[in-house]
Amino acid sequence: MKKVILLLSLIFLSACKTEEKIQTPNIIIIYADDLGYGDVSAYERGQLATPNIDKIARNGARFTKGYASSATCTPSRYALMTGSYPWRNKQAKISTGASLIIDTLELTLPKMLKSLDYQTAVVGKWHLGLGNSEIDYNKKISPGPNEVGFDYSFIMPDTQDRVPTVYIENGYVVNLDPNDPLEVSFKNNFEGQPTGKENPELLTMNWDHGHNGTIVNGISRIGFMKGGKKAHWSDIGMADEFLTQAKNYINKVKDSPFFLFYSLQQPHVPRTPHPRFEGISGMGPRGDAIVEADWAIGSLFSYLEEKDLLNNTLIIISSDNGPVLNDGYVDDAVKKIGKHTPWGNLRGGKYSLFEAGTRVPFITYWKDKIKPQVSDKMVSQIDLLNSIASLLGSNTRSGDGEDLSGVFFKNNGEGRTELIIEAQSRTAYKNEDWVMIPPYPGPAVSTSVNIELGNAENYQLYNLKEDINQQQNLAEKEPEKLEKMKARFEQLLTDN
Ligand code: NG6
Ligand code: CA
């Protein structure tokens, strides 16, 4: 009898072990664009309601110290995709058109997942560059997402405020009529093409700074563009388009494990929520666009439920950088903000080395696997590659990421002790509750966007535990701490 019990328990144990080993959940990273720490109501800091994100947050792990690598989009995306610090790559700056900034030989999250037989796709904003130097949009555009690990791509190439205003599917401009070739330039206008600068009477949304190039759908953009009329996207239809593409992809590949990078354009400028969301937030288009994004996330979640995929799908929600109100268009974001605080209780915003630049909403959800929890462990998007690899039993690791699979997916373990954050090529160093910002030239406040950038003549040192809003510079009071942090920071910057 004892032998039988022993045998049975051995079988049971090995079954458990095997089960643990072969976990291959679908993985969906939902990545918002410029969504602030206080924009998600689960963070209990602002006035907006995001019930769908909240539902996922309440039933998963919600991180209060979750960081994007950078305070702007391209470098954060680079870090998320490669697990490498963006300041190591000189090209990892806000990208405009050419070229692809991920080397096709570089390790990426989708490549790692492909090695484990995942199907991989990106739907939505790309903004990691395309092609090599010049792009001919009338031919296959390569290299791009498909050359760095994605089996399928349906993307907005850069940002909603940049030309070309077309979608690209697996390297080809969608709906392009060969008789109406698409030409793009970031230097000169094409003859006879109206611009926001010269033809403000054609605009339905006024520009405030920059953004006065070619007009598409009544909105002038960064850069110039001619032709390709049939291919122009509908700004108000963008959320629906990305959602439909995401669902179609899931439906197509649902029988094998898949990775979907669902990269939303909201609430980046120009904010163009579908008319059914217009006025819904009372905060103008920025608030409405966030409500629209929240709706899209809810719709995707329901779709997973409907297709019986929810049990086996790991969902990660975050944002590429902190919030900004006026990012170049006059759209009521400032006027109608009321008591809402997109930056939560943090200082700064997009472009800033202060906390609100990089500390963003960060949620992991896996039904019945991740227990509901609010975690104050320090985590960064740069860690997702290594952590997902570890969860799936892969030995692949990037150089700069940490394996935080416990913290992210198992409600256990420790977070990071240190992290370098970046904002427009400037870097700062965090260690536990401390953050040290080196001196940088340049304005303390960017007047165009009205955000404190973190620039100062002297070193800044803050203790976030006691001073989350970074009001007390302790650099003079704590010289030893400052020196220690400076030394470690220098060491990290020079180590490879
Ligand atoms: C800036 C744009 C800003 C936005 C940003 C990129 C101007 C004056 N400002 O250069 O509007 O497009 O680039 O944002 O052109 S990000 O979230 O994609 O990094
Ligand atoms: Ca962004």
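Residues numbered from 1 in each chain as written. Chains lettered and ligands numbered in written order. Predicted model: local features only at pLDDT ≥ 70, side-chain atom pairs only at ≥ 80, totals over all residues. Heavy atoms only, no water.

(A) Quick peek at the overall build of the protein. The helix and strand tally for the protein stands at ten helices and 22 strands. Its C-alpha atoms give the protein a radius of gyration of 23 Å, within 12% of the compact-globule value 23 Å for 496 residues. Along the first, second and third principal axes, the C-alpha atoms of the protein reach 90 × 60 × 45 Å. Across the 496 residues that make up the protein, the buried fraction comes to 59%. Put simply, of all contacts in the protein between residues at least 6 apart along the chain, 71% involve residues at least 24 apart. Charge separation in the protein, taken as the distance between the mean sites of 53 positive and 61 negative side-chain charges, equals 5 Å. (Helix = DSSP H or I, 4+ residues; strand = E, 2+ residues; numbered from the N terminus. Rg over C-alpha atoms; globule rule 2.2 N^0.38 Å. Buried < 20%, exposed > 50% of the residue type's maximum accessible area, 1.4 Å probe, protein only. Contact = heavy atoms within 4.5 Å. Lys, Arg positive; Asp, Glu negative; His and termini not counted. Charge placed at Lys NZ, Arg CZ, Asp CG, Glu CD.)

(B) Examining the coordination of the calcium ion (ligand 2) more closely. The coordination sphere of the calcium ion (ligand 2), as far as protein atoms go, consists of D33 (OD), D34 (OD), D320 (OD), D320 (OD) and N321 (OD1), spread over 2.2 to 2.7 Å. Viewed at the metal, the six donor atoms of the calcium ion (ligand 2) are separated by angles of 51 to 170°, and the geometry they form is irregular. The sequence motif formed by the donor residues of the calcium ion (ligand 2) is D-D-x285-D-N. Of this pair, D33 sits in the loop between β1 (26-32) and α2 (51-58) while N321 sits in the loop between β13 (313-319) and β14 (329-330), and the two are 288 residues apart along the sequence. Classification of D33 by relative accessible area gives buried; the value is 1%. (Donors = N, O, S within 2.8 Å, 3.2 Å for Na, K, Ca; no water. Tetrahedral: all angles 85-135°; square planar, octahedral: opposite > 155°, others 65-115°.)

(C) Spotlight on the pattern of salt bridges. Tallied over the full model, the rule gives 24 salt bridges. In this structure, D403 engages R397 in a salt bridge whose closest nitrogen and oxygen atoms are separated by 3.9 Å. For R397, a relative accessible area of 36% puts it in the partly exposed group. The closest approach of N and O atoms between E402 and R416, which form a salt bridge, is 3.6 Å. Note that E402 is positioned in the loop between α8 (384-391) and α9 (405-409) and R416 in the loop between α9 and β17 (418-423), a separation of 14 residues in sequence. Residues joined by salt bridges that share partners form a network here, namely D34, D327 and K350. (Salt bridge = Lys/Arg side-chain N within 4 Å of Asp/Glu carboxyl O.)

(D) Examining the site of ligand 1 more closely. Around ligand 1 there are 18 residues in total, and C73, D161, R162, D327 and K350 lie nearest to it. The separation between an oxygen atom of ligand 1 and a polar main-chain atom of C73 is 2.9 Å. When ligand 1 sits alone it has 450 Å² of accessible area, and the protein chains cover 84% of it. Here the shell around ligand 1 is built from residues that sort into four nonpolar, seven polar and seven charged. The residue makeup of the shell around ligand 1 includes at least three contributed by each of domain 1 (25-176 + 231-410) and domain 2 (183-226). (Near = heavy atom within 4 Å. Polar contact = N/O pair within 3.5 Å; in protein donor to acceptor, adjacent residues only side chain to side chain. Areas by Shrake-Rupley, 256 points an atom, 1.4 Å probe, with all protein chains shown as cover. Nonpolar A, V, L, I, M, F, W, Y, C, P; charged D, E, K, R; others polar. Domains from an automatic or database assignment.)

(E) Inspection of the domain arrangement of the protein at higher detail. Segmenting the protein into domains produces domain 1 (25-176 + 231-410), domain 2 (183-226) and domain 3 (420-494). The C-alpha centroid of domain 3 is placed 26 Å from the C-alpha centroid of domain 1. Each partner contributes to the interface: domain 1 provides 31 residues, whereas domain 3 provides 29 residues. Taken together, both faces of the contact between domain 1 and domain 3 bury some 2500 Å²; the carbon and sulfur share is 57%. Counting across the domain 1 and domain 3 interface gives three salt bridges. The residue K65 makes a salt bridge to D433 at a minimum N-O spacing of 3.7 Å. There are 13 residue pairs in polar contact (both at pLDDT 80 or more) connecting domain 1 and domain 3. Listing elements by their share of the side of domain 1 that touches domain 3, those giving two or more residues are β2 (61-67) and α7 (355-358). For the side of domain 1 that touches domain 3, the per-class residue count stands at 14 nonpolar, nine polar and eight charged. (Buried area = accessible area lost by both parts, 1.4 Å probe.)

(F) View of the packing of aromatic side chains. Under the definition given, this model contains 20 aromatic pairs. Note on F63 and F362: the rings are 5.9 Å apart at their centroids and 70° apart in plane angle, and the pair reads as edge-to-face. In this pair, F63 is assigned in strand β2 and F362 in strand β15 (residues 362-366), connecting sequence segments 299 residues apart. No difference in accessibility class separates F63 from F362, as the two residues are buried. Between the aromatic rings of F154 and F242, the centroid separation amounts to 6.4 Å while the plane-to-plane angle is 80°, which identifies the pairing as edge-to-face. Separated by 88 residues along the polypeptide, F154 in strand β4 (residues 152-156) and F242 in helix α5 (residues 238-253) bring together distant segments of the chain. As far as the burial class goes, F154 and F242 line up, both buried. Taken together, the aromatic side chains of Y31, W126, F150, F259 and F261 make up a single cluster linked through ring pairs. Residue placement shows R62 over the ring face of Y43; its charged tip is 4.6 Å from the ring centre. (Phe/Tyr/Trp six-rings, centres within 6.5 Å; stacked < 30°, edge-to-face > 60°. Lys NZ or Arg CZ within 6 Å of the ring centre and 35° of its normal.)

(G) How the structure looks around the nonpolar core. Counting residues in each nonpolar core, the largest one holds 101 residues, and the members touching the most others are L260, Y262 and I388. Element by element, the count of residues in this core is highest for helix α6 (residues 284-306), at nine residues. Apart from the residues within four sequence positions on either side, I388 is in contact with I27, L109, M112, L113, I316 and F409. Within the second largest apolar cluster, 28 residues are counted, among which are W87, L353, F354 and A423. (Core = buried A, V, L, I, M, F, W, Y, C linked by side-chain atoms within 4.5 Å.)

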